[in-house]
Amino acid sequence: MHILNIAWDHTQSRSDFRDRVILGPENLKFGLSALLKMPGAVIREAAALMTCNRVEWYLLCDDTERALSDLMEFYREQTGFILSEQDPRPLQRLDSESVLHLFRTASGLESLMVGETQILAQVRAAYELLLEQGEKSPVFNRLFQEAIRCGKRSREETGISRGAVSVSMAAVEMSRRIFSDLNSKTVLLVGAGESAELAVKHFQTLNAEHFLIANRGRERGEALAAAAGGTYLTLDDLPKALLVADIVVVVTASPDYLITAEMLGAAMKKRRSGSMYIADISSPRNVDPAAANVPNCFLVDMDTLDSVVEENLSRRREAVKEAAGIAAEMSLEFAAWLKTMDILPTISGLANYFDGIRKQILSEYKHKSSEENLQTMDELSRRIVQRILHNPIRYLRDQAGADTLDHREISVIWQIFKLEKMLDKYQIPKS
Amino acid sequence: MLTAVHALQVLLPLPYILSFIYYLRYFETDRAAYSKKAYLLLNTALFLHVLFLAVKWLAFRQFPVTNPAESLSLVAGTVAAVYVFLEKLSGESKTGVFFLGLSASAQMFASMFMPLQPIHSELLANPVFAVHTFVTVTGLSGLAVAALYGLMYIMLSQKLRQHRFGHIYENLPDLETLEMMGRKSSLIGLLFLGAGIVMGHIWAGRILNDPFPLDPKIIVTDAAWILYVIMWVVVRNGNLRGLQPGRWAFWGFIAMIVSLAAAGLVGDSFHNFNDMF
């Protein structure tokens, strides 16, 4: 039994190629089931992780060559895609490498921007899809659960995802050092270009809802205001807007100061309440640096935000080793668990053997005892069987997990209890 | 009973110290599991503290504030109690390290230097006076907590202004939360201290036939409380936010403590209980 990872990612393929092999959620759901039903059924479990940077298949199979050719056959049949000589060869990882790769991916270690958080949600989506396909996937169920846990742990225990790594995100995040709840705050954006749009999106992810968009060009300003669910203002309205705004992000190409220290001072005096956070991410600056001296005003500019981003990136780089350690540790734990899967038929056989004896004896008393007594005996016998089997099963799991299980011991168990018959009777797979 | 008192006296610093350690780890790592443990240990510490006060009160038939060590222990407990109330109210645990640092060290010193057999005071044997003492100390602790929040606000706002984004910047809660917690602890302080002062005047009227004796400590406390109330009203009605209330809370408390210390040095105080009885 092997875990095979077949992948095209940003390291070896272009996005236009990946667009040809990526499947939408509905096709993917169908595809996962279809792969398990391919003639010969060499693939036992299948899962896929598809993002804009990676198309990855995880296949649990006995024969890796056949599994790969089944996948290619599936692509040919379902999408018409045939891997040509010019196309990038898929990356192939096997067993522990596949597991480690998934854990590293979930931790954000394989992402273009190290530590990005979106990938964890995408791994979770892949797991949900695995559950939705309806086929039993005990190994991949556990694999993806552990991958999600690994992603969470890496982010919680290391600084891999801490701190903003873009100027606009840093500008938005810094507002959270001043305000606890952005939902009740008014955000004034001066400018309506791409950076302003990005800032609106970042603020919206932090629950901000009240936007004022001040822009020289009416059309663009109104468009962004409509997209943000806010109000459009002209630049002449700025003094009035400063009376109500809690957060101001200035991002225009204007060569002059649009907000002066005097304007801010007057506004702060009139409103007499609350702090104001101003992020000037324009170049040249659009907010008078003297505004930093206005009481309760917190002004940051591009230089400051650049240094914050650089500092965050360097911290993330430092955390890579630590996060990689967590991924490695958890992949070893998973490997230990996977080994115990090999002895599952033995455990199931033993459990069924003793349960069979229990049920057989109970059935002999079916007409000799009251319903109440039968229930008591059923409960009693179940507990006795559980107690009897507890130590042997634990021994088998521990030995298998530690890779010290002698197969002769398994053979003896099978002979003593005639488990071959039990497997046939209860249709337990033999390997 | 005495064995229980001594056992609790020795045991009491432990949950405070452990809670401080967990709050510190939470402050450093941001892992929620640490804050949960810290909160649990803090509640354990408070439970043991209440038990300690009750057992000691029963054992010696007087409220245990007869010496500086016992008073320090009461301060440790009330600061922790005010903080735990604020944490419950706001769900914010990042500032716990500062208050538990204070409580843990205060309780440690108190336990180390607390005499096993305190001197007897008739005044402190009276339950009304005990309540007056407890309420007043809680009020002062509330104002101390508010002062510390004020200091945190000043520090964080300075870091933001100077663009020095270090450890404190990253781990303290946002300014708005610090301000809210400071406001609430000020209110707790004002209410408790006000209640303590009123009870004190009633008590003075009964035993001295003068509800307003010319005692420097009482005068300073009354004046400080009135000033605090005025500041509170100005902040509330003037809708003052930001740095100003933080500064007032911090410097107001420092001024009050310095004045109380000076009053203690300058004149004979009614609060010198040993001379009274």
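Quick caveat: nothing in here was measured; it's all calculated off a predicted structure.

Draft legend 1. Spatial organisation of the pairing of strand S9 (residues 276-280) of chain A. All names here are of chain A. With five of five residues buried, S9 is to be regarded as a mostly interior element. Where strand S8 (residues 247-250) meets S9, four bridges bridge the pair, whose relative direction is parallel. Within the sheet, the bridge partner assigned to Val250 lies in S9 and is Asp280. Here five bridges tie S9 to strand S10 (residues 297-301), and the two strands are oriented parallel to one another. Directly across from Tyr277, in S10, lies its bridge partner Phe298.

Draft legend 2. Up close: the interface of chain B and chain A. Tallying the contact residues gives 24 residues for chain B and 27 residues for chain A. A combined buried area of about 1,900 Å² lies between chain B and chain A, and 43% of that area is made up of carbon and sulfur atoms. Glu157(A) serves as the salt-bridge partner of Arg31(B), at 3.6 Å between the closest nitrogen and oxygen. The tally of links from chain B across to chain A stands at 16 residue pairs in polar contact (both at pLDDT 80 or more). Only helix H7 (127-162), helix H8 (167-171) and helix H9 (175-208) of chain B provide two or more residues apiece to the side of chain B that touches chain A. For the side of chain B that touches chain A, the leading source of residues is H7(B), giving five residues. Class assignment of the residues belonging to the side of chain B that touches chain A gives a composition of ten nonpolar, eight polar and six charged.

Draft legend 3. Expanded view of the domain arrangement of chain A. Splitting chain A by domain gives domain 1 (2-157 + 317-338), domain 2 (167-300) and domain 3 (343-425). Of note, the centres of domain 2 of chain A and domain 3 of chain A, computed from C-alpha atoms alone, are 70 Å apart.

Draft legend 4. Up close: the packing of aromatic side chains. Within the structure shown, the criterion is met by 24 aromatic pairs over all chains. Taken together, a centroid distance of 5.8 Å and an interplanar angle of 85° make the contact between Tyr58(A) and Phe144(A) edge-to-face. Within this pair, whereas Tyr58(A) is found in strand S3 (residues 54-61), its partner Phe144(A) is found in helix H6 (residues 138-157), the two being separated by 86 residues in sequence. When its relative accessible area of 0% is taken as the criterion, Tyr58(A) is described as buried. Given a relative accessible area of 0%, Phe144(A) falls into the buried group. Ring centres of Phe99(B) and Tyr149(B) lie 4.9 Å apart, and the angle between their planes is 45°; on these two criteria the pair is classed as tilted. Taken together, the residues span a long stretch of sequence, with Phe99(B) in helix H5 (residues 96-113) and Tyr149(B) in helix H7 at a distance of 50 residues. The class of Tyr149(B) is buried, set by a relative accessible area of 1%.

How each quantity is defined
- Residues numbered from 1 in each chain as written.
- Chains lettered and ligands numbered in written order.
- Predicted model: local features only at pLDDT ≥ 70, side-chain atom pairs only at ≥ 80, totals over all residues.
- Heavy atoms only, no water.
- Buried < 20%, exposed > 50% of the residue type's maximum accessible area, 1.4 Å probe, protein only.
- Helix = DSSP H or I, 4+ residues; strand = E, 2+ residues; numbered from the N terminus.
- Pairing = 2+ DSSP bridges.
- Contact = heavy atoms within 4.5 Å.
- Buried area = accessible area lost by both parts, 1.4 Å probe.
- Salt bridge = Lys/Arg side-chain N within 4 Å of Asp/Glu carboxyl O.
- Polar contact = N/O pair within 3.5 Å; in protein donor to acceptor, adjacent residues only side chain to side chain.
- Nonpolar A, V, L, I, M, F, W, Y, C, P; charged D, E, K, R; others polar.
- Domains from an automatic or database assignment.
- Phe/Tyr/Trp six-rings, centres within 6.5 Å; stacked < 30°, edge-to-face > 60°.

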